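Single-letter residue listing:
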Amino acid sequence: MYLFLAKEEDTLKLGNSIGELIGPGNVLVLSGDLGAGKTTLTKGIAAALGVGEPVTSPTFSLLNIYNGRYDIAHIDAYRLNNAQEGFDAGLEEYLPGDCVTVVEWPDNIAGLLPQERLAIKISRVEDGRAVEIIPYGSAYTKLLKELEE
Ligand code: ADP
Ligand code: MG
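Every residue gets a number counted from 1 within its own chain, in the order that chain's sequence is written. Each chain gets a letter, beginning with A, and each ligand a number, beginning with 1, in the order they are written. In view of the model being predicted, local features appear only for residues whose pLDDT reaches at least 70, and side-chain atom pairs are presented and counted only at 80 or more, with totals across whole chains, interfaces and linings using the full set of residues. Water and hydrogen atoms play no part in the side-chain values, which are based on all heavy atoms of the structure.

## Section: the coordination of the magnesium ion (ligand 2)
The cut-off we apply is this: Donor atoms are limited to N, O and S found within 2.8 Å of the metal ion, a distance that becomes 3.2 Å for Na, K and Ca. With water left out, some sites might look partial. Numbering goes from the N terminus for both helices and strands, where a helix is a DSSP run of H or I of at least four residues and a strand is a run of E of at least two.
Taken together, Thr39 (OG1), Ser57 (OG) and Glu104 (OE) make up the full set of protein donors to the magnesium ion (ligand 2), lying 2.2 Å away. Along the chain, the residues donating to the magnesium ion (ligand 2) are arranged with the sequence spacing T-x17-S-x46-E. With a gap of 47 residues between them, Ser57 in the loop between helix H2 (38-48) and strand E3 (63-66) and Glu104 in strand E5 (residues 100-104) connect regions that are remote in the sequence.

Laid out in structure tokens, this is it:
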């Protein structure tokens, strides 16, 4: 699925729509350069799940847990060099976990990612963001169909 998001509000809305469809055990991986909108999308997801606290990139802490209708584990693997470092940091507990898991910079811990996941790639384009969403596994294929409706 390909989308064009003209402004920040559209990124938040996409996050809201995804947040309405996901639940515990789901893993979403968000790739894209710095400033692409990965954390903005995560804010939208968290808002849909009723998270009240502010959502910021856990670049230094690696992991934030937000409490909402479902808990969200928000991982930022920017500073990690490989899957082993992610494993040593205890991240496999969330891949998948008993919460919703959102991972920024998933390529840095590729070997630690579950085979079944929803991959969202965001790139800056003139006047906005281009988004490609790729489902891995039948549950995410179904989820994406629901998102398209
Ligand atoms: P990342 O987590 O990928 O580094 P952030 O979400 O922290 O990126 O920052 C993205 C920046 O891009 C923010 O300044 C946000 O306002 C802006 N932004 C998000 N979505 C869009 C969009 N669809 N069009 C234009 N700007 C956007
Ligand atoms: Mg970020």
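From this point on, the discussion continues.
## Topic: helix H4 (residues 138-148)
To be explicit about the condition: Relative accessibility thresholds used throughout: buried, under 20% of the residue-type maximum; exposed, over 50%; partly exposed, between the two (1.4 Å probe, protein chains only). Throughout, the arc means that of the directions going from the helix axis to the C-beta atoms. Contacts: residue pairs with any heavy atoms within 4.5 Å of one another.
Regarding H4, the residues found buried are Tyr140, Leu143, Leu144 and Leu147. The buried residues of H4 occupy an angular sector of 100° when projected down its axis, which confines them to one face. Exposed residues pointing more than 90 degrees away from the buried face of H4 are listed as Ser138, Lys142 and Lys145. For H4, the elements touching its buried residues are helix H1 (8-21), strand E2 (27-31), strand E6 (117-125) and strand E7 (128-136).

## Observations regarding the packing of aromatic side chains
The criterion, for reference: Under the pairing criterion, centres of Phe, Tyr and Trp rings, with the six-membered ring standing for Trp, must be within 6.5 Å; the plane angle then separates stacked pairs below 30 degrees from edge-to-face pairs above 60, leaving the rest tilted. By definition here, charges over rings are those cases where NZ of Lys or CZ of Arg is within 6 Å of the ring centre and within 35 degrees of the ring normal.
Applying the stated rule across the entire model yields 1 aromatic pair. Here the aromatic rings of Tyr78 and Trp105 are separated by 4.9 Å at their centres, their planes lie at 55°, and the arrangement is tilted. Here Tyr78, found in the loop between strand E4 (72-76) and helix H3 (83-88), pairs with Trp105, found in the loop between E5 and E6; they are 27 residues apart in sequence, far enough to count as distant. You can call Tyr78 partly exposed: its relative accessible area is 39%. Directly above the ring of Tyr136 sits Arg117, whose terminal nitrogen or CZ lies 4.6 Å from the centroid.

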